[in-house]
Amino acid sequence: MALSARTAHGRGPATGEFAGWLAGRARAHHFRVEPIAFADLDGWSFERTTGNLVHRSGRFFTIEGLHITRDEGPFREWRQPIINQPEVGILGILAKEFDGVLHFLMQAKMEPGNPNLLQLSPTVQATRSNYTKVHRGADVKYLEYFVRPGAGRRVLADVLQSEHGAWFYRKANRNMLVETDEDVPLDEDFCWLTLGQIGELLRRDNVVNMDARTVLACAPTARAEAGALHSDTELLSWITAERSRHEVRVRRIPLAEVKDWARGEWSVDHQPERYFRVMAVSVQAENREVTSWTQPLFQPVGTGVTAFVARRFGGVPHVLAHARVEAGFLDTVELAPTVQYTPGNYAHLDPADRPPFLDLVLGADPRRVRYEAVHSEEGGRFHHAESRYLIVEADEEQAPAVPPPGYRWVTPGQLTSLVRRGHDVNVQARSLLACFTTLAAPL
């Protein structure tokens, strides 16, 4: 892994030529995404009794309602639409050595919600409904490497991870890294890249998709507890305590009973217009397992800000993790970045109710910003969902060694260890953890 991270040239397109390669894959296929009215959805409809938006097969996912109450924060009770997708999908990256250097098989994949449609994704990115062919489409390419282990194949990582807890109800995907020494036929929409090349691409806006970022965060890396402000045991105890102290009640309800949301011909919108809306699209993509379909998507209102505040303690890099409560988490709390908010959703609140450290990140001196790129979230369920991902250095005055309740200084190595357990580190923090490989020098 370390050698691959240091290698900037490999079997696939050179990093400087990658934009041309990706544009070539976009030109090679016909892609089209258009917003449509709910009445034009094919196979999707609002149930008469519940108002839930469901597929006629009973598979894929449903959009229903959630009622949440909690014991702290500026918002103590609310109702919202939520995506309920109980099946577990596979996000898998295939690895293989070429000339002694580990390469990763990445896919130029179209997702209807991506701002630029085509982004770099894992080798396999498929829901269970897709790879069991509920849609009666083509086979998922390279799936056999992840569902049929055998001679010549070695699992490097295999863990269930959560997805966006604010928009999914207890959603999990199987994140996998599998190494092979077999001859692998190369499809024209795939390429072999080193970890160093992927790291360079992670510094570019909207190139490496969310699913690739979360799998890369699961990669095994060397780590040590030495120098951490808190031992691994202390950190695990703190997470358990955070999960125990929060009183959060989550109840699934019919979409028709979600207050402060209005269903129109083209969208379901929050009143007043904050957070996100539910919309529908018609999709054409000739290189997908099914070449045309319609589906609903969540569309956020505004661009998010997702950031780790970082400091050194005793010369050892640390980041400030937040024990974040999200209604859709399986276990109430997961470790999140220091800041994970859409600023516009909090602009109407009193300053005392604004999220901690948000103003620090928004007003950071550019010289203290060690990493910044715009990345989009899951393009298969969210429409143009983008966030500015940052790593921002701070000092004692801005981010004290003894942080506010709900925050804890951890090393990147400790986060990596927690990622390999599953359901401890949220998808936004995993994205930023993958981006640590792009830093030209340690924090």
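Everything that follows concerns the structure shown earlier in this document.
Owing to the predicted nature of the structure, the values given are computational and were not obtained by experimental measurement.

Colleague: Looking at this model, I keep getting lost on the overall build of the protein chain. Mind explaining?
Modeller: Broken down by element type, the protein chain carries ten helices and 24 strands. In terms of overall size, the protein chain behaves like a compact globule, its C-alpha atoms giving a radius of gyration of 21 Å where 443 residues would be expected to give roughly 22 Å. Over its C-alpha atoms, taken along the principal directions, the protein chain stretches across nearly 60 × 60 × 40 Å. Within the protein chain, the proportion of its 443 residues that are buried is 57%. Considering only residue pairs separated by 6 or more positions, the protein chain has 73% of its internal contacts joining residues 24 or more positions apart. Here the protein chain displays about 18400 Å² of accessible surface, and carbon together with sulfur accounts for 48% of that area. Here the protein chain holds 50 positive side-chain charges and 55 negative ones, and the gap between their average locations is 2 Å.

Colleague: Sorry if this is basic, but what is going on with the pairing of strand β8 (residues 118-121) here?
Modeller: Moving residue by residue along a regular strand, the side chains alternate between the two faces of the sheet. Both faces of β8 are covered, namely the face carrying Leu118 and Leu120 and the face carrying Gln119 and Ser121. As paired strands, strand β7 (residues 101-110) and β8 are joined by four bridges and run antiparallel to one another. Its bridge partner being in β8, Gln107 is matched across the sheet by Ser121.

Colleague: In this structure, what is going on with the pattern of salt bridges? I would like to understand it.
Modeller: Any two side chains of opposite charge can pair, on the condition that their charged atoms come close. Scanning the entire structure with this criterion turns up 29 salt bridges. A salt bridge links Glu396 to Arg311; its shortest N-O distance comes to 2.6 Å. With Glu396 in the loop between β23 (386-393) and β24 (407-410) and Arg311 in strand β18 (residues 304-313), the pair connects residues that are 85 residues apart, well separated along the chain. Since its relative accessible area comes to 41%, Glu396 is described here as partly exposed. One salt-bridge network, in which partners are shared between bridges, spans Arg70, Glu72, Glu242 and Arg245.

Colleague: Can you walk me through the packing of aromatic side chains in this structure?
Modeller: Each aromatic ring pair is specified by the distance between its two centres and by the angle formed by the two planes. Applying the stated rule across the entire model yields 15 aromatic pairs. On the numbers, 4.8 Å between centres and 45° between planes, the contact of Trp44 with Phe61 is tilted. Of this pair, Trp44 sits in strand β2 (residues 44-46) while Phe61 sits in the loop between β3 (53-55) and β4 (62-70), and the two are 17 residues apart along the sequence. Residue Trp44 is classed as buried on the basis of its relative accessible area, which comes to 8%. Centre to centre, the rings of Tyr341 and Tyr346 are 5.2 Å apart; their planes meet at 80°, and the pair counts as edge-to-face. The same class applies to Tyr341 as to Tyr346, namely buried. Aromatic ring contacts, followed pair by pair, group Trp167, Phe168, Trp261, Phe276, Phe298 and Phe382 into a single cluster. Across the ring face of Phe98, the terminal group of Lys96 is positioned such that the distance to the ring centre comes to 5.6 Å.

Colleague: I'm lost on the nonpolar core in this one. Help?
Modeller: As a rule of thumb, nonpolar side chains are buried together in soluble globular proteins. Of all hydrophobic cores here, the largest spans 64 residues; its most connected members are Phe18 and Phe104. Residues within four places of Phe18 in sequence aside, it is in contact with Pro13, Leu120, Cys191, Leu193, Leu201, Arg204 and Val207. By size, the runner-up hydrophobic cluster in this structure holds 23 residues, among which are Ile36, Phe38, Trp167 and Val258.

Colleague: Looking at this structure, I do not really get the side chain of Arg408. What am I missing?
Modeller: Positionally, Arg408 belongs in strand β24. Buried charge Arg408 goes without a salt bridge, the closest partner of opposite sign being Glu234 at 6.3 Å. In contact with Arg408, not counting residues within four places along its chain, are His230, Leu235, Trp238, Val319, Leu320, Ala321 and Pro403.

Colleague: Help me out: how do you make sense of the packing of helix α6 (residues 210-217) against helix α10 (residues 427-435) in this one?
Modeller: A packed helix pair is summarised by two numbers, namely the angle formed by the two axes and the spacing between the axes. The interhelical angle for the contact between α6 and α10, taken along N-to-C directions, is 75°, at an axis separation of 8 Å. Relative to α10, α6 is oriented roughly perpendicular. In this structure, α6 uses Met210, Arg213, Thr214, Leu216 and Ala217 to contact α10, whose residues at the interface are Val427, Arg430, Ser431, Leu433 and Ala434. Of the residues belonging to the contact of α6 with α10, the class tally is six nonpolar, two polar and two charged.

Colleague: Please clarify how α10 should be interpreted in this entry.
Modeller: Residue pairs spaced three or four apart in an α-helix point in one direction, given the helix's 3.6 residues per turn. Buried residues dominate α10, accounting for nine of its nine residues. When we look at burial in α10, the residues that qualify are Val427, Gln428, Ala429, Arg430, Ser431, Leu432, Leu433, Ala434 and Cys435.

Colleague: Just to check I follow, could you spell out the pairing of strand β17 (residues 292-300) for this structure?
Modeller: The buried fraction of β17 amounts to seven of the nine residues, a majority that puts the element mostly inside the structure. Linking two consecutive strands that pair antiparallel, namely strand β16 (residues 276-285) and β17, is a turn of six residues.

About the thresholds
Residues numbered from 1 in each chain as written. Predicted model: local features only at pLDDT ≥ 70, side-chain atom pairs only at ≥ 80, totals over all residues. Heavy atoms only, no water. Helix = DSSP H or I, 4+ residues; strand = E, 2+ residues; numbered from the N terminus. Rg over C-alpha atoms; globule rule 2.2 N^0.38 Å. Buried < 20%, exposed > 50% of the residue type's maximum accessible area, 1.4 Å probe, protein only. Contact = heavy atoms within 4.5 Å. Areas by Shrake-Rupley, 256 points an atom, 1.4 Å probe, with all protein chains shown as cover. Lys, Arg positive; Asp, Glu negative; His and termini not counted. Charge placed at Lys NZ, Arg CZ, Asp CG, Glu CD. Pairing = 2+ DSSP bridges. Salt bridge = Lys/Arg side-chain N within 4 Å of Asp/Glu carboxyl O. Phe/Tyr/Trp six-rings, centres within 6.5 Å; stacked < 30°, edge-to-face > 60°. Lys NZ or Arg CZ within 6 Å of the ring centre and 35° of its normal. Core = buried A, V, L, I, M, F, W, Y, C linked by side-chain atoms within 4.5 Å. Axes fitted to C-alpha atoms, helices over the stretch in contact; angles between N-to-C directions. Parallel < 35°, antiparallel > 145°, perpendicular 65-115°, else oblique. Nonpolar A, V, L, I, M, F, W, Y, C, P; charged D, E, K, R; others polar.

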